Amino acid sequence: MKALVCFLLLLLLLLATLPSPTRSFEFPAREMADLIDQTCRLTPFYDLCISSLRSDPGSGAADVRGLARIMAGSVLASASRTLDRIQELLGQAPDPETERPLAYCAELYIPVVKYTLPQAIEALGKGQLGFAVYGLSDAGKEAQACEKNFSGLSWSPVTDVNEQVRDLVDVALAIIKILQRSF
Amino acid sequence: MQNSPSHTNAPYTLLPEDPSPARPPASSRRPVKVFAATAASVVFLTSLVMLIVNQSPETPTESDHPPRSDPSVRDRLSYNWTNAMFAWQRTAFHFQPEKNWMNDPDGPLYYMGWYHLFYQYNPDSAVWGNITWGHAVSKDLIHWLYLPLAMVPDRWFDAGGVWTGSATLLPDGRIVILYTGDTDESIQVQNLAYPANLSDPLLIEWVKYPDNPVIVPPAGINPEEFRDPTTAWMGPDGTWRILVGSKVDGSGIALIYQTSNFTAFEAQPGLLHAVNGTGMWECVDFYPVSTNSSNGLETSVVGPGVKHVLKASLDDLKKDYYAIGTYDPVSDTWTPDDPEADVGMGLQVDYGRYYASKTFFDQNTGRRILWGWINETDTDYDDLAKGWASVQTIPRVVTFDNKTGSNILEWPVEEVESLRLNSTEFDDILVEAGSAVLLDIGMATQLDISVEFEIEGSDALEALEEPEAIIECATAQNRTTLGPFGLLVLADKSLSELTPIYFHIAKSTNGSLTTLFCADETRSSKALEVFKKVYGGPVAVLDDEKFTMRLLVDHSIIESFAQGGRTVITSRIYPTEAIYGAAKLFLFNNATGVNVTASLEIWQMNSAFIRPFPLEEM
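Remember, predicted model here, so these are calculated numbers, not experimental data.

### Quick word on the overall build of chain B
Helices and strands together make up the secondary structure of chain B, namely five helices and 38 strands. Residue burial in chain B is summarised as follows: out of 618 residues, 60% are buried. Nonlocal contacts in chain B, meaning residues at least 24 apart in sequence, comprise 65% of its contacts between residues at least 6 apart.

See below:
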């Protein structure tokens, strides 16, 4: 009798540990979504973070380091769009009062798009977090300097794009902080 | 102290019985920026402070050579420095290593988003020796990050030291560095080095060409007087040229070498230029300037609207001289515009404590940028005690002065303005003859000062009958009708220590007015062993110009620019009392015959937080 009880208990134990086929599909998907969600909660701009990451097809399967790289890529995309917009505005022959700060902004953004952000992304890939942080911070500083240079005017034609660059930088830096904390 | 008619315009006078100032002067505008707390209060001292007080004894007359000749005497005299005094001397926003000795700037360049600075560096001590190439990078020429040493003296061809050199960026994107190696037999040779990995934006690793040296001293040249190869420029035949400085029969010379591949060099039969009696030419620099625009020019540019600057560091005098002239690319010769002011005879790059300067073309922003090494003027003994020696200037943009047509202008790169915090403005402060005015700005050790002076009544200038020929800068206590007037920097309230930076105008025998721009270090510190003299030189002040100065004050270094950078003086100052909160800033006017009015804008400057590059990996 005792042996039978033991056997039944063991059988029960065995059944309990068998994975359910349906559950093995559910868990991975929910965990990955949670990672993006969990990560973005730790950044200063949750919605911006979510929309930037989810728009990248690779984000679903990425770990935190991968998410950091994707976010740095978003910063680069935003900075490139900003530079394009600045050059477009310059091409429209604006009055001298607007032209000067726009030209100054272009000078700030060109090395950011050409060197600083690509190098930061590469550094993230190699695990060189310090280098990546320096580069991303610098990109944020240049966006701020560009905006500040319009202080004489009542409005700036690039405030929205400058702000987006800075916000994305802040999100990227927050994600890298998560990485730095875990090592 | 009495209110005479000329004082009725003065906002108020501080009377001896009245310790608190009256209402703030009306003429002083409210500060532009938010933080200037005590902006409007200005204290007038009408006593003749210059004449009355002379606290420190006259320093013995010195040659222009730094005081290295009698170390035992100097050691005995060494001031009783405290750690706090030494710590104060370190600069907040000028480039210097964390510790030990630095000298000449080397191979400056811009590459893949980073400015690079290399520098002569002794990793083992605060005096010269065991010279390596230190390395630092920056995105903006101000915020520097230290990297590992680029080169150390580990080959026979540089065993005695990896000495000064220059970088050339080739059109195909490669970088070559040529530098002087002091061989294991103390022969000066020129060596080639290049980055190990051009895709590393930080250019951390360097490779020395295995078949170094690429140039050895030629016949007729002393093998210990052959050094400091320049950046290369391309000739009309598509090959490259560099210069190496040397000396023959007391004449400083620039030897030309030609190459197509940087490994095989051919000595040119002629010289680019030579000047009798100037002695050994170190750190030769040769570069084009545009005469009709403020843009910098890449080193190979020639053509109309272009002049060439030839510069040499004179070993005998430890001063940097330059001249502007015309370069003939066909004959590879250079002729000065004014032979009377040839290299070593006329203009100095900087009239202060300054040496081994070197320019590079910044292709990122299209500027010609100038670096200069600033040695200490305290003793080796002090340097070893405090653990470091030397700083670099804030990089300066070099342009041709097309108002005078005969000199360059040097101006701190505008990126230094990113360090500006709050500012205080003063408008039309009257500084009467023989008086000083304390400027209430809070801390006075990290400042960016712009000041404009006007002499009251231009008739005063014409009324000057007696010629008072002043050929060179004398101490600020030397009073004449029209000067000196300027600023007292790093001065304590009682003026027991002070550094006057000033203009001194005189009428020469032929009736014309000349202006000198001077820095008087003779009373800058009570420390006896510090080498203190008066520095400076002439500055052209054109008819429509006011007298303008810009000063960068950063603890033990002051960079002073007159008339937009026509004449520049760098000073090293080691006060014992005028440090930290005790350091003050004054206007002063020690003229006997005129009042001046001054308008200033003064910014507090942030630190540049120069630190190691965050290279750590995950």
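What follows picks up the thread again.
### Overview of the interface of chain A and chain B
Counting from both sides, the interface comprises 15 residues of chain A and, opposite them, 17 residues of chain B. Together, the buried faces of chain A and chain B total about 1500 Å²; carbon and sulfur atoms form 64% of this surface. Interface area lost by chain A to chain B is led by Y115, F131 and Y134 of chain A, which between them contribute 40%. Our count for the contact surface shared by chain A and chain B stands at four residue pairs in polar contact (both at pLDDT 80 or more). Looking at side-chain class alone, the side of chain A that touches chain B contains seven nonpolar, five polar and three charged residues.

### Thoughts on the state of the cysteines
All names here are of chain A. Under the defined criterion, the tally for this structure stands at three disulfides over all chains. Linked covalently through their sulfurs, C105 and C146 form a disulfide whose S-S length is 2.0 Å. Measuring the twist about the S-S bond at about 95°, one finds the C105-C146 disulfide to be right-handed. Taken together, the residues span a long stretch of sequence, with C105 in helix α5 (residues 96-126) and C146 in helix α6 (residues 129-148) at a distance of 41 residues. Owing to a relative accessible area of 0%, C105 belongs among the buried residues under this scheme. Among the residues examined, C146 registers a relative accessible area of 0% and is labelled buried. Once the disulfide-bonded cysteines of chain A are ranked by sequence position, their pairing pattern turns out to be 1-2, 3-4.

### As for the confidence of the model for chain A
Residues and elements named next belong to chain A. Averaged over all residues, the pLDDT of chain A equals 87, while 87% of them reach at least 70. Ranking the elements of chain A by mean pLDDT puts helix α2 (residues 21-41) last with 65 and helix α4 (residues 64-91) first with 96. Contacts of residues 22-28 to residues separated by more than four positions or lying in other chains number zero contacts, the stretch itself having pLDDT below 50.

### Details of the UniProt feature "domain: Glycosyl hydrolase family 32 N-terminal" (unreviewed entry) in chain B
Summarizing the sequence annotation, UniProt attributes the feature "domain: Glycosyl hydrolase family 32 N-terminal" (unreviewed entry) to residues 94-412 of chain B in the numbering used throughout. With 2% helix and 51% strand, residues 94-412 of chain B has its two end C-alpha atoms placed 12 Å apart.

### Re the sheet that holds strand β35 (residues 567-572) of chain B
Residues and elements named next belong to chain B. Judged by pairing direction, the sheet is antiparallel, and its six strands sit side by side in the order β26-β37-β28-β33-β34-β35 without closing on themselves. Both outer strands of the open sheet, β26 (420-431) and β35, are each paired with one neighbouring strand and no more. This sheet shows a mean twist of 15° between the axes of neighbouring strands, independent of strand direction. Two elements, strand β28 (residues 446-455) and strand β33 (residues 547-554), share eight bridges in a ladder whose sense is antiparallel. Counterpart to E452 in the pairing with β33 is T548.

### Side note on the pairing of strand β14 (residues 265-275) of chain B
All names here are of chain B. In this structure, strand β13 (residues 251-259) lies alongside β14, joined through seven bridges in antiparallel fashion. The residue of β14 that forms the bridge with G252 is V275. Where β13 hands over to β14, the hairpin turn is made up of five residues, of which F262 adopts a positive phi near 70°.

### Observations concerning the packing of α4 of chain A against α5 of chain A
When two helices pack together, their arrangement is captured by the angle between the axes and the distance separating the axes. Residues and elements named next belong to chain A. Look at α4 against α5: their axes get within 9 Å of each other, and the N-to-C directions meet at 160°. In this view, α4 runs roughly antiparallel relative to α5, as classed from their interaxial angle. Note that α4 runs across α5; the crossing there is left-handed. Taken together, the residues of the contact of α4 with α5 sort by class into 21 nonpolar, five polar and four charged.

Thresholds applied
Residues numbered from 1 in each chain as written. Chains lettered and ligands numbered in written order. Predicted model: local features only at pLDDT ≥ 70, side-chain atom pairs only at ≥ 80, totals over all residues. Heavy atoms only, no water. Helix = DSSP H or I, 4+ residues; strand = E, 2+ residues; numbered from the N terminus. Buried < 20%, exposed > 50% of the residue type's maximum accessible area, 1.4 Å probe, protein only. Contact = heavy atoms within 4.5 Å. Buried area = accessible area lost by both parts, 1.4 Å probe. Polar contact = N/O pair within 3.5 Å; in protein donor to acceptor, adjacent residues only side chain to side chain. Nonpolar A, V, L, I, M, F, W, Y, C, P; charged D, E, K, R; others polar. Disulfide = S-S within 2.5 Å. pLDDT = per-residue confidence, 0-100. UniProt positions renumbered as here; feature names shortened; annotations may be inferred. Pairing = 2+ DSSP bridges. Axes fitted to C-alpha atoms, helices over the stretch in contact; angles between N-to-C directions. Parallel < 35°, antiparallel > 145°, perpendicular 65-115°, else oblique. Left-handed = near helix turned anticlockwise from the far one by under 90°.

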